[in-house]
Each structure stands twice: as structure tokens, then as C-alpha cells.
Amino acid sequence: MSEVKHRALTIALLLSLAACTTQPTQPTPSRQPVTVTPGPATTLKVLAGSELQGMTGVLDRARAATGVTVEPTFTGSLDGVQQVAAGAAYDAAWFSSSNYLRTYPGTRDRLSTSEQIMTSPVVLGLRAAKAKELGWDSRPVSWQDITEAARQNRFTFAMTDPNKSNSGFSALLAITSAVDGAKRALTKDAIAGVAPQVSTFFSVERLTATSSEWLTDAFVARDKEPAGTKVDGLVNYEASLLALNRDKRLGEPLTLVYPTDGVVMGDYPLTLLDSASPTARDAYKRLVEYLRLPQVQQEIVAETLHRSVLPDVPRADAMPADLAQIPFPDSWAVVEALLHAYNDHLRRPSRVVYVLDVSGSMGEDPTRIAGLKKALHDLTGTSTTLSGEFCGFHKREEIVFLPFSSRPGKPETFTIDESDPERSLARVRRAIDALTPAGNTAIYDSLMVAHELAKPTPDRFTSIVLMTDGVRTDGAEVPDYLKFVAERAKGTTAQVFPVLFADSADQEMKQVADATGGTFIDGRSGLSEAFCKIRGYQ
Amino acid sequence: MSTHPRPRRRAGRGPQVAALVIGVLLIVAVVVYGLSSTTTGVSGASDCVDDVVPVHAIIGSEKRVYFEDSAVRDRLRCLGFTVDTEDAGSLEMAKRAKEQSGKVDVAFPGSDAAADNIKSELRTADDFAVFSSPMVIVSDNATVAALRADKSAEVVGGVAVVRLEKIIDLVAANKTWADLVGDANGTDRTRLVLRSTNPAASNSGLQLLALAAVVVSGDAGQVTPAQVPDIAKKVCPLFWEQGGKQIKSDELFREWVGQNSRIRLAFVYEAQYLAERNLPQDNARLYPNPGISSVHRVIAFTDAGKRFGGALRSDKGLADLMIKHGFRPMGNPARPSGAVDTAVTQVTAPTFEVLRELNNQITTLLDKGNGCPK
């Protein structure tokens, strides 16, 4: 230590001691080091949850201070587990919950050290007027109260797909555990007993998505819809909900509801993977040290509205303390059982119209029709991957195939039987095998038919998947279709999810998605993966 | 309710007069040190060694604060060491050391069992017992009152102790806090749990497992391998009902201090409690009955590591700083401020092999996803 620095330190110590003696009730300064020694410029490849997109500012400053550039690849929690288990080439993983990586049997040995960076509970945000109407702005609310209000159809909400995203899974876990009476950590066997009440809650779910970020944006986009069709609230991280209020992205603020019987907390562990190189390990250490600095923790609270892991960094104003916590089951078997129960029994079932291009070009390159058939077959339960296991067709679901070429074909509807799903799935597989390419490509005539088949109903999520390998060559054109959509009453148009494939007209596909509140998915690097991804919006 | 933030509650410890006196002493000390450094130059006091070697240490997270203390770093530098630490659960240290083969000088776990494991995995015999800390249960006054009314806690020789056997029974019987007759308002319908770290990863959790194993075995003697299946079943609820557990003691303790969620009982090191300056208001500390103390040993893998272990074991300056951080240096009668010696029986922990087998069997039970067998 140089003499100058030493003097400065002495003065600083004297000043801080003076401060202590005059203001004894102030929180004492933290014991953490105040700086991080910068190291060589290193890029850390991090598999991350989408909600960490809000950390950009913090990570930019981290790069300046430490030389470590975080290169994030965003994906869902369950997909992340699968990638880590498969030994994907990342240095670290950073998701909102430690519980998936910790309990999944295939990942335990792939994890090295881990550090909790911040926390945020998953709660329900309701539009202020609706919260007032329900009396939830002024008294304690339990999950039982929420379920009862759902039974009376007094509110609607949005939530991410628990198969893809931790915020959705956390809500599913919290309500299931709470209805079970919170008498014990949730077990596999307890799930069936509470299914009727839990499915009542989900009966008022109106909007879903694969990620918390997308859900928030879709919720904001619907804010301008009339009162009858816009969604009353959404389940998300406290941090995201408070940010919506702070940034005034909605016409009226959200009231946050923290159920008294418990919430699930996100703990955001930055986890080094076993396979990281010594250079990456060193970078990880510097980054973590930086992120835990008291002033950086304060910035995280101020900018992203997460809660700090350092007890002496205060919460933001609107954050209540002493929350009751719902235990996250210490068993992958429970996670799996809860997801299967959700898909087959608890969730509001969906009706999906698949608009499938079987024009001549799909057969001229035989790999195209074969790829489509394989992707659809995977959804009938033949996929063996972890996310494949959860993205197949579910019990009670309605599937409509609308093949088209020069004109829309004959729609065929399948309902997956709750007691004998295999029989229904066998019918679906036969219909897939029967798809035969020939003729032109009447995309928009077919989409218009699809909208008639996918009219929203209170008891189902409805959506349309459009899969085409080329441009429209027959029938209505894209302006005709956009006019058709614009003229429909608000809230009566199902979202369309186009899959970009082969020679599809990407710009037009984006227009279709935007006009209907859907999103396009790139299927060029794998149709099966794309079809699986879309399932998170259905 | 939820929309009404509660003010953050904090309480200082100790009278302000004492703080003032200590403050003045510190100022004097700093000034004297500042003056002396002007004459001795860069390396500090004149009795410091010139050669400084880097030491890479894998430490239990409860010791992180100690090694982050600039006074500790200065003293270690004076003794010839710059220390670079990474923290890990005590049961994960052997794996971390192997991952970074040749680059780790010491591991510094929190129990004899964890130390034995590392020594056998890394094939080294060199260890230095540095300090100890009894395990405590941190809580709040309302919870202690509720447990006392329930006759699960009592005051023995002026110290609040909790009967671990009763806690195990309450957890296994699916009790909520509101089920306790003594619960102040009877409205907390969340489960009665004793939070700990994951015993398969972290030493403080392992200490709870060790203690619970002895308690349920009902035997004062050493737990035998033959008893393992029965003990695993009996202690299983303690770990299952908590749900997912942290892998570092520091994270659990900070969660309790931070009060984002309400933790009514957490099993931690006494040192963590004694050294914390931001304890929640109404905080309380219970000693488990029977009790268990953690012994923290440096396991050396290199020559530098051996010298480092020796210094921690014998240096008076470092020992004083250990006391400041709430630890009890080995072979030193001095006690950290606030430490108490209870009259309760201290158990002898089962061997590492027995604890590992217990962990394996408990993990197998938990993995099934249906809680614990009746």
C-alpha cells in the first residue's frame, strides 16, 4: 500500500468512526471490500433466464470495472436444465431459481460454485381499480381468496407457461401448496387432491407466454383493449411488476398482492459450471465479487427493483418484509408430477389450429414434408428430450389440422381424451401420415378460415400456428388479410404464431404475428424445436 | 396486505458508551498505526517478513467475512501470505480442490467430519485445528416465547435452549406455527420448520444432521452403520419439510438477517450471530439441547498451505481477530463477546462415513417426491 493511499485510508477511517459516534442508529458500513481488482478482458458465456435482460446496465458497468463481459444466451428454466445436463458449452448459468439445477438428477455433478446475487418473490399484480373492487388493496389476501374470486369469475390474469418459465412454475407451486393447506412441503401424491380448486384458479387465465419478458410486453400491448377483453393482472416477479409501475407503462398502476399463505422467492444464483476453464473461473470470481459490492447491490435494487442479498442494503420502498415462503420441493419428481398435472388436468385447455402448407414445393424437396411430419409426430409424445416430454399435446386439448394448398383443405379436429389419450393420439398420427403435398399456396385464404375455427371461448386458450415453406401464390394477399384482421372486433382474433421455414416470406410472417399479437418462431434450425417453443404460448 | 411496506427493523448491540470508548481507542490505534507506518514504509510494521507467498484457500462461507476483513489481510500479509479465497460447501471442497488440481493450497472446512473427508479424498494428513464455534439456532423473541410455552424451549443456567427432539417431533407431526399453544397471535399458518443448509453440501446442515442423528438414535454412544436406515427415516422430515436448501451457511444466515422472508428458526454458527452488526430487532438466539460444536481445520495441500495453517493456529494477532469475528480460537481461553458456555450435553458427531450414508439415504427418500416414510 502506498503512503498516500495509507493516509487516505486513515482519514477515511477517522471520518467513518466520527460518523458512527454521531449517528449511532445508522446502519454500519458494510464489511465487503469496496473495489474489485480488474483482470484481463474475458468473455463469460452465460446461459441465462430472460428476466435477466434488465441487468444490462449493471453488467455494462461490471465489464468496465472487472474486464468481464457477460455474453448471455437467454432461455427458459427447464430448457436451461436440459442444456446443462447435456453438457452445453457455457461457463456459467444464471436463472431466477436454484431449484431446477439443484434437483434435476442429470445436472448435480455439472455445477461448480454458486452465488446468490439478488432475490425477488413471484406475486400477483392486479390493476389498481380491480384490486380495489376486490378489496385486495386494503386487507390480507390468501391463495384461497384468490381461488374464490376466480371461481366467481371476478378477475382474469396472465402467467408464463410453467413448462418453460420459473415465474409460472412458482405460481403453480404456490397455489397448489397453499390449497393443500401448506401443512407439508408439496408431495406428488398431494397434487391430485387439490386439483379441482387449483384448476378453478387457472380457469381465469387469459394470456400466457414462454418468458416473463414477453408476457410483460404482451400484457402492456393489451392495455389499450376495452375493459371487457383486457387482462386484469399478471403473475410475475415483484421486480418486473414494480418496474411496470415505475416506468408508467400501463394506464393505471398495478397493486401487488403477496398472498399471506406464502410466495415462492427467486434467488438468482450465478452458478459456475464444472466445465469452465481456469480463465473463466477467474472471471467468474471477479464478476461475483463486483456484483456483491454494497454499492452495486444498491444499484441493482434501484435500477432493477430486485431485493439485495446483503442485509444492510435496504429494500426499495414498496417492498414488504417478512414474507411467508412456500417451500420449493427438494425433489425433481415433484416438479415433474406438478407439470404433468398442470398440462393434463389443471390448466385451461387449449384449442390450436395448425395451418399446414402441403403445397407442391413441400414435396419437391422431400425433406420438407418429412420434417413437418416429424415435428408434428414429436408433439404426439414420441420426443424423448426433457422439454419434448412437456411440450407434447396434453389431455383435454383440441387440435385442429387445416392443411392447405391452392385453397384451404378440410379441417380435422381431435380432442385428446382425458382417460385414454393414446387412442386420440393414434388418430392424430394417422392424420399426420396422410398429409400429401400438391398444388399452390393460398396462405391468407386459409388463415381467414383458421380464424373462424379459432374463435376465442371462455373455456379454452385458442391460437393458430401457421407453417409454410414459401410465399403466397394463390387467393387473398397480405393486405387483404390485414384488413380482415383490422375489421374484426377487438379481442376476438386468436394470436397467430408463424413458423419461419425454408423460403417463407419472413417480413409477411412478422406482419401476421404483429397484427394478431402473436410472435414468429424461426423453424429453420429445427422444426421440432420451433413447434415445441410455440407450445409455451398456447 | 402486502401493499403496506414495513419499516426495516434494526437494532444495534451494546451500550453507546462502550461504542464511544472503543471508537476513541480505535482512533488512537489508527493514528498510532498511521504514524508508525510513516517510518516503516510500505510493508507495514518492522517485524513483518519480506517474502510474501500467495495462498489459494477454499473456505466455508461462514469464514468469508473473516478473510475479507482488511485487518486480517494486513496481518496475514505481515506474516507472509496474500490470501485468495473462494467459498464452497464443506462437502463440496474436495471436488473443488480436484477441479483446480495443484492450484489450491488449503481447504478450510467447518467440522472434523468434513475435514476427514477432504483428507481422505485428497490424500493428505496435514491439518491445523484453528477455531471452533458452537451451533446455534437464530430466532426471534415471539418464536422463543411460543416454544417456551410449548415446553420445547427452556432456560438452563440463564441460557435459552431448545430441545431438538421436540422440534423433530413438531416438524414430523406437520405442525404449523399457529398450532403451538404459545404462539402470540396464532395466525401464522405456515409450517413449523427449522431452516438449515443442505446437509449433503454444507457443513452447518451437516452439523444439524449429526446432532439430529444422535438425538433420534436415543443412544449416548457412537452411532453405528446398522442404525442408519432407521435414523434416516426419523430425521427425514427435518430436511424434506424445509424444501430446497441453500448450499452455503452465509446465504442462509443473510436470508435470516435480511428479513425478506420470515425465517423463525435457522441453524447457524454462533460466530455468525456474534459478529453480525445488523441483527434484526427482537432477534433471539437459542442453543440446541443437546449441543454440538463445529471445529474448523485448515487442511494443507502444499508447503505454503502448511505454513499458512500453522500461522492461523499460532498467531496471536490472527487469534484476536478470530475473537472479533465471533470464533473461539483453539487452545485459547478468550471468548468472543456474547459467547456463552451452556450447561447442555455436547454430542460426539457420527463419523463421516455414517453421515455420508445418512445423506445418501435421505437423498434417496427425498428424490421419490412423496415426503418421508411414516
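All values derive from a computational prediction rather than experimental measurement. (Residues numbered from 1 in each chain as written. Chains lettered and ligands numbered in written order. Predicted model: local features only at pLDDT ≥ 70, side-chain atom pairs only at ≥ 80, totals over all residues. Heavy atoms only, no water.)

S.K.: Give me the overall build of chain B: which residues, what numbers.
M.R.: Summing up its helical and strand segments, chain B has 14 helices and 10 strands in all. Out of the 374 residues in chain B, the part that is buried amounts to 56%. Considering only contacts in chain B between residues 6 or more positions apart, those separated by 24 or more positions represent 78%. (Helix = DSSP H or I, 4+ residues; strand = E, 2+ residues; numbered from the N terminus. Buried < 20%, exposed > 50% of the residue type's maximum accessible area, 1.4 Å probe, protein only. Contact = heavy atoms within 4.5 Å.)

S.K.: Give a description of the sheet that holds strand β16 (residues 461-467) of chain A that names residues and reports values.
M.R.: Residue and element names in this part refer to chain A. The strand order β15-β14-β13-β16-β17-β18 describes an open sheet built from six strands, whose pairing is mixed. Across the chains shown, the open sheet's two edge strands, defined by having one partner strand only, are β15 (412-415) and β18 (521-522). Of the strand pairs in this sheet, strand β13 (residues 350-357) and β16 are connected by seven bridges, and their pairing is parallel. Counterpart to Y354 in the pairing with β16 is V465. Where helix α15 (residues 366-382) meets the sheet, its contacts fall on β13, β14 (398-404) and β16, and the angle it forms with β13 comes to roughly 165°. Helix α21 (residues 527-534) contacts β13, β16, β17 (495-500) and β18 of the sheet and is inclined by roughly 165° relative to β17. (Pairing = 2+ DSSP bridges. Axes fitted to C-alpha atoms, helices over the stretch in contact; angles between N-to-C directions.)

S.K.: Could you give me a rundown of the packing of aromatic side chains, with the residues and numbers involved?
M.R.: Counting across every chain of the model gives 28 aromatic pairs over all chains. A ring pair is formed by Y354 of chain A and F401 of chain A, whose centres lie 6.0 Å apart and whose planes are at 80°; its orientation type is edge-to-face. A residue pair is termed long-range when its members are at least 10 positions apart, and Y354 of chain A in strand β13 and F401 of chain A in strand β14 qualify at 47 residues. Judged by relative accessible area, which is 3%, F401 of chain A ranks as buried. Ring centres of F81 of chain B and F308 of chain B lie 5.6 Å apart, and the angle between their planes is 75°; this geometry places the pair in the edge-to-face category. You can see F81 of chain B sitting in strand β2 (residues 81-87) and its partner F308 of chain B sitting in helix α12 (residues 303-314), a full 227 residues away along the chain. Across the pair, F308 of chain B and F81 of chain B agree in class, each one buried. When the ring centre of F461 of chain A is taken as origin, the NZ or CZ atom of R348 of chain A, which lies over that ring, is 4.6 Å away. (Phe/Tyr/Trp six-rings, centres within 6.5 Å; stacked < 30°, edge-to-face > 60°. Lys NZ or Arg CZ within 6 Å of the ring centre and 35° of its normal.)

S.K.: Lay out helix α3 (residues 77-85) of chain A with the relevant residues and their values.
M.R.: Buried within α3 of chain A we find S77, L78, G80, V81, Q82 and V84 of chain A. Two residues or fewer after α3 of chain A comes G87 of chain A, characterised by a positive phi angle close to 80°.

S.K.: So what's going on with the state of the cysteines? Residues and values would help.
M.R.: All names here are of chain B. Counted according to the given criterion, the structure contains three disulfides over all chains. With a sulfur-sulfur separation of 1.9 Å, C48 is cross-linked through a disulfide to C78. Taking the torsion about the S-S bond as the criterion, the C48 to C78 disulfide, at about -100°, is left-handed. Of this pair, C48 sits in the loop between α1 (16-40) and β1 (53-59) while C78 sits in helix α3 (residues 70-78), and the two are 30 residues apart along the sequence. Overall, the relative accessible area of 12% leaves C48 in the buried class. Using a relative accessible area of 9% as the deciding quantity, one classes C78 as buried. (Disulfide = S-S within 2.5 Å.)

S.K.: Provide a residue-level description of the nonpolar core, including the pertinent values.
M.R.: Nonpolar side chains in soluble globular proteins tend to be buried together. Counting 142 residues, the largest nonpolar core has W94, W136 and F155 of chain A as its most contacted members. Among the elements that line this core, the one with the most residues is helix α8 (residues 203-217) of chain B, at 10 residues. Ignoring any residue separated from it by four or fewer positions in sequence, one finds W136 of chain A in contact with L124, L126, A131, V141, D145, I146, A149, F155 and V257 of chain A. V352, V358, M362 and A375 of chain A belong to the second-largest nonpolar core, a separate cluster that totals 62 residues. (Core = buried A, V, L, I, M, F, W, Y, C linked by side-chain atoms within 4.5 Å.)

S.K.: So what about helix α14 (residues 352-367) of chain B? Which residues, and what values?
M.R.: All names here are of chain B. Taking 1.5 Å as the rise per residue, α14 with 16 residues should run 22 Å; its terminal C-alpha atoms sit 22 Å apart, in good agreement. Within α14, burial applies to F352, V354, L355, L358, N359, I362, L365 and L366. Each buried residue of α14 sits inside an arc of 155° when the element is viewed along its axis, so together they form one side. Residues of α14 that are buried make contact with α5 (112-122), α8 and α9 (228-240). (Expected span 1.5 Å × (residues − 1). Arc of directions from axis to C-beta.)

S.K.: Please set out the environment of R189 of chain B residue by residue, giving values where relevant.
M.R.: Residues and elements named next belong to chain B. Mapping R189 onto the fold places it in the loop between α7 (164-172) and α8. On the basis of relative accessibility, which here comes to 55%, the residue R189 falls in the exposed class. Measuring from C-alpha to C-alpha, the distance between R189 and A178 comes to 5.4 Å, with 11 residues separating the pair along the chain.

S.K.: I'd like a rundown of the domain arrangement of chain A, residues and numbers included.
M.R.: Residues and elements named next belong to chain A. For chain A, the assigned domains are domain 1 (3-119 + 268-308), domain 2 (120-265) and domain 3 (349-537). Taking only C-alpha atoms into account, the centre of domain 1 sits 42 Å from that of domain 3. Between domain 1 and domain 3, the residue contacts involve five residues of the former and four residues of the latter. Of the roughly 360 Å² buried at the junction of domain 1 and domain 3 (both faces included), carbon and sulfur atoms supply 68%. Taken as a group, L78, Q82 and Y104 account for 91% of the area that domain 1 buries against domain 3, more than any other trio of residues on that side. Counting every contact that joins domain 1 to domain 3 gives zero salt bridges. (Domains from an automatic or database assignment. Buried area = accessible area lost by both parts, 1.4 Å probe. Salt bridge = Lys/Arg side-chain N within 4 Å of Asp/Glu carboxyl O.)

S.K.: Which residues make up the domain arrangement of chain B, and what values do they have?
M.R.: Residues and elements named next belong to chain B. The domain boundaries assigned to chain B delineate domain 1 (46-132 + 295-329) and domain 2 (134-293 + 341-367). Using only C-alpha atoms to locate each centre, domain 1 and domain 2 end up separated by 27 Å. Taken residue by residue, the interface counts 22 residues in domain 1 and 25 residues in domain 2. Buried area between domain 1 and domain 2, both sides added, is near 1800 Å², and the carbon and sulfur share of it is 53%. It is E62, L91 and R328 in domain 1 that bury the most area against domain 2; as a group they hold 30% of the surface buried on that side.

S.K.: Could you give an account of the pattern of salt bridges, naming the residues involved and the relevant values?
M.R.: A side chain with one charge may pair with a side chain of the opposite charge, provided their charged atoms come close. Inspection of every chain in the model, using the stated rule, returns 58 salt bridges over all chains. Residues D282 of chain A and R286 of chain A are paired through a salt bridge, measuring 3.1 Å at the closest nitrogen-oxygen approach. Remark: R286 of chain A and D282 of chain A occur in helix α11 (residues 278-291); sequence separation between them is four residues, near one turn of the helix. We classify D282 of chain A as partly exposed; its relative accessible area is 36%. Two residues, D127 of chain B and R297 of chain B, come together in a salt bridge whose shortest N-O distance is 2.7 Å. One end of the pair, D127 of chain B, is in strand β4 (residues 127-140); the other, R297 of chain B, is in strand β9 (residues 293-300), with 170 residues separating them in the sequence.

S.K.: How would you summarise the confidence of the model for chain B if you had to cite specific residues and measurements?
M.R.: Any residue range with low pLDDT should be treated as having predicted coordinates unsuitable for detailed reading. Residue and element names in this part refer to chain B. For chain B, mean pLDDT is 87; residues scoring 70 or higher make up 86% of the total. Taken element by element, chain B is modelled with least confidence in α1, mean pLDDT 41, and with most confidence in strand β7 (residues 266-269), mean pLDDT 98. Across residues 1-10, confidence stays below pLDDT 50; counting only partners more than four residues off in sequence or on other chains, it has 37 contacts. Long-range and interchain partners of residues 12-44, a stretch whose pLDDT sits below 50, account for 22 contacts in this model, where long-range means more than four residues apart. (pLDDT = per-residue confidence, 0-100.)

S.K.: Mind laying out the environment of G125 of chain A, listing which residues take part and the relevant values?
M.R.: Residue and element names in this part refer to chain A. Assignment of secondary structure puts G125 in strand β5 (residues 118-127). According to the relative accessible area criterion, G125 is buried, its value standing at 0%. Remark: the alpha-carbon pair of G125 and Y237, spanning 112 residues in sequence, is separated by 9.2 Å. Sequence-distant contacts of G125, that is, excluding residues within four places in its chain, are made with D232, G233, L234, L241, L254, T255 and L256.

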